[in-house]
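Listed below are the residues making up each chain.
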Amino acid sequence: MMLTPSHLLLWPFTIALFCLALGRRPFLQRAVSLAGSLVALIAAVLVFWRVDDGAFLIEQMGSWPAPFGISLVIDRLSAVMLVITGFVSLVVNLFCQSPEQRRTQGRDFHALFHLLLAGVTGAFMTGDFFNLFVFFEILLLSSFVLMIQERRPEQFDGTVKYVLLNLVASMAFLVGLGLIYNGIGTLNMADVGRLLRSSNWSLSTSAGFFALFFAFAAKAGMFPLYFWLPASYPRSPIATTSLFAALLTKVGVYALLRLNAVAGPALPPLYLKVLIGLSLLTMLLGVLGAASQQEIRRILSFHIISQIGYITLGLGYMTELALAATVFYLIHHIVVKANLFLVAGLLDRIWGTTQLARIGESLKLSPILGLAFLIPAMSLAGVPPLSGFWAKMAVLQATLEAQDFLSLGVALFVGLFTMYSMIKIWLEAFWKDHPNPAPTGQLLRPMSTSEKWWMGGAIALFCAWTLAMGLGVGPAMEFARRTGRDLMQGDRYIENVLQAREAR
Amino acid sequence: MNIPGTPLGFVFAMTVGFLFASGLWLMLRRNRVKLVVGFGLLGHAVNLLVFSSGGLVPTNAPLIASGAETLAAHTADPLPQALVLTAIVIGFGAQVFLLVLLRAATLATAGSAGDPDDGSPE
């Protein structure tokens with residue numbers, strides 16, 4: 001039997017149902033959840049291999065031909081996003097298996113975890129803007145509940161901000177859909193692309209396009225709508241934060257990428273200039289916000305924002321090189337960020353806090369832990385030969401190609417400040433003496449061997465990905481180039497989707 | 001997209017605009033009840049807007065008459081109606097969740113002085 005997109009989509013829903021049903025049998029529930037993540041990753045890799053030769057995997061729901069029914073489309077970009085989603089879900093799931101994490105998880109944690117993944121998976125493969133809205137809502141509602149799983153009072157404040165901003169962004173999304181439908185009479189991505197390219201934009205279409213941009217940018221955490229992110233992420237349970245940091249803002253970025261790719265040459269030049277300007281502001285304000293923070297998770301949350309700026313910068317140039325840089329940066333960043341949050345969770349487990357002033361000497365405690373922090377941290381800052389260096393270099397190349405020296409300067413400056421933040425965490429958490437000298441080299445609460453293996457194993461897998469992407473940059477960058485070329489040739493996507501009568 | 005000689009489109013647009021304005025106004029108040037009411041109004045505004053995207057003209061139901069091969073002229077566009085139905089259901093779910101969340105937040109933070117380490121000096 002051949003794998004089709006709907007199999008990949010139904011799988012996490014099925015696992016979520018099983019996890020819900022097994023609420024009273026925690027061991028079985030965790031086993032099903034872990035197996036579900038593993039199978040999802042394998043399926044995504046299989047699909048990736050089939051798509052990487054340039055084919056499209058297209059399925060028309062209910063066999064309605066393209067502009068009438070809902071299409072599920074997997075091209076190179078979707079496939080690589082699915083692989084990375086599967087990988088992150090598997091590794092975070094491993095982290096969640098540690099006894100300490102289990103203690104704080106609610107009974108329906110794993111069900112919500114897979115529902116969230118179902119939403120993310122659907123968002124990455126749908127070929128219809130309204131369907132994208134539905135998957136956004138699925139992943140948002142599961143993320144809302146995951147965020148307040150522990151029900152600690154201080155979590156509610158940030159969650160309310162997060163929920164409200166995201167609901168308002170969803171409203172803007174709907175407004176955009178209504179206006180675009182009014183303007184061109186279709187919501188199928190390929191058909192929208194065809195009509196945007198071939199016709200003049202009416203007022204309704206332009207307003208709808210802007211509303212969609214607003215919605216996606218807010219969900220991606222771009223300037224000026226990023227305040228919800230540092231308010232909510234640092235308070236959530238750490239495994240949840242790690243998953244959110246990896247995937248949720250990136251779904252917004254993916255939607256922007258898709259929107260740009262289908263509209264292609266029809267994009268208004270002013271819009272591209274605005275996109276570049278907002279990206280630069282996002283980068284700058286994120287990194288400056290991080291510099292003023294004294295708590296690891298807050299620092300990392302601000303760095304999500306600043307890195308989003310790097311990712312969206314490539315979208316503003318709309319050249320093959322720039323889009324390749326965006327794709328490469330996306331793949332690199334998802335893993336690095338999730339990893340840093342897991343390391344922060346481990347530090348929290350060891351010291352009971354992640355306030356920089358109250359911890360220290362982690363290096364003396366465990367040199368391996370120091371290495372586990374250094375790899376993603378230096379990758380984030382862009383030190384060769386780790387993946388972040390190549391990602392930054394690709395973005396810088398794109399700015400050079402566009403002769404945009406302002407963006408080049410800002411990107412370099414922000415890179416320097418990222419380094420500053422990472423060194424700050426290193427010095428405070430790993431290097432300096434512990435402020436409370438009594439328990440030198442002693443854990444607050446001893447960690448069992450199994451706990452060390454689950455948590456350490458998860459972090460090691462993420463580190464391995466970062467190293468592999470850094471050392472094997474040749475094939476990785478080649479793939480990003482191919483994807484960038486795909487995205488520039490939106491015509492091929494449009495033709496393939498509109499011609500496909502049935503999934504094969 | 002308007003019936004010549006009737007102000008339906010104008011009235012519709014004014015209604016949507018008014019709902020948007022009052023919804024946003026209520027959401028910007030510092031009061032959780034008004035926040036939820038405002039969110040509800042905003043939802044109505046958006047739903048009406050999506051509904052109107054198929055055009056506001058008196059038409060027949062989009063059913064193919066028996067014996068005919070295609071739709072007759074002047075039939076309604078069924079898609080915005082399907083979209084708005086989905087949007088209403090999702091919006092309703094989101095609003096219920098918002099209510100529960102705000103209630104839990106009010107109960108949990110009653111008596112506390114707000115965010116302990118919100119970046120402000122302790």
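Right, let's walk through the structure included here. On a predicted model such as this, the values are computed, not experimentally measured, just so you know. (Residues numbered from 1 in each chain as written. Chains lettered and ligands numbered in written order. Predicted model: local features only at pLDDT ≥ 70, side-chain atom pairs only at ≥ 80, totals over all residues. Heavy atoms only, no water.)

## Quick look at the packing of helix H3 (residues 76-96) of chain A against helix H20 (residues 473-488) of chain A
Residue and element names in this part refer to chain A. What counts, and what does not: All axes are obtained by fitting lines to C-alpha atoms, using only the stretch in contact for helices, and the reported angles, taken between N-to-C directions, cover 0 to 180 degrees. Runs of E in the DSSP output that reach at least two residues are strands. Runs of H or I that reach at least four are helices, and both are numbered from the N terminus. When describing relative orientation, an angle under 35 degrees is termed roughly parallel and one over 145 degrees roughly antiparallel, while 65 to 115 degrees is termed roughly perpendicular and anything else oblique. Whether two residues are in contact is decided by their heavy atoms, any of which lying within 4.5 Å being enough. By the convention adopted, Pro, Cys, Tyr, Trp, Phe, Met, Ile, Leu, Val and Ala count as nonpolar, Lys, Arg, Asp and Glu as charged, and the other residues, Gly among them, as polar.
H20 packs onto H3 with a crossing angle of 135 degrees between their chain directions and a minimal axis gap of 9 Å. Relative to H20, the element H3 lies oblique. Contact residues: H3 offers Arg76, Leu77 and Val80, while H20 offers Phe479, Arg482, Thr483, Asp486 and Leu487. Partitioning the contact of H3 with H20 into residue classes produces four nonpolar, one polar and three charged.

## What about the pattern of salt bridges?
All names here are of chain A. Let me state the cut-off plainly: When a carboxyl oxygen of Asp or Glu lies within 4 Å of a side-chain nitrogen of Lys or Arg, that pair is called a salt bridge. Only protein chains enter the accessibility calculation, which uses a 1.4 Å probe. A residue is then buried if its area is under 20% of the maximum for its type, exposed if over 50%, and partly exposed in between.
This structure, assessed with the given rule, holds twelve salt bridges over all chains. Measuring nitrogen to oxygen at the nearest pair gives 3.0 Å for the salt bridge that ties aspartate 486 to arginine 76. With aspartate 486 in helix H20 and arginine 76 in helix H3, this pair connects stretches of sequence that are 410 residues apart. Owing to a relative accessible area of 13%, aspartate 486 belongs among the buried residues under this scheme. Residues participating in the shared-partner salt-bridge network are Asp52, Arg76, Arg482, Asp486 and Arg492.

## Section: the packing of helix H8 (residues 189-198) of chain A against helix H11 (residues 238-263) of chain A
Residues and elements named next belong to chain A. The contact between H8 and H11 brings their axes to 8 Å, and the two run at 45 degrees. Taken together, H8 and H11 sit at an angle that is classed as oblique. Between H8 and H11, the residues in contact are Met189, Gly193, Leu196 and Arg197 and Arg258, Ala261, Val262 and Ala263, respectively. In terms of residue class, the contact of H8 with H11 is built from five nonpolar, one polar and two charged.

## Concerning the side chain of serine 52 of chain B
With respect to the helices and strands, the residue serine 52 of chain B is situated in helix H2 (residues 32-52). A residue is classified by how much of its surface remains accessible, and serine 52 of chain B, at 17% relative accessible area, is buried.

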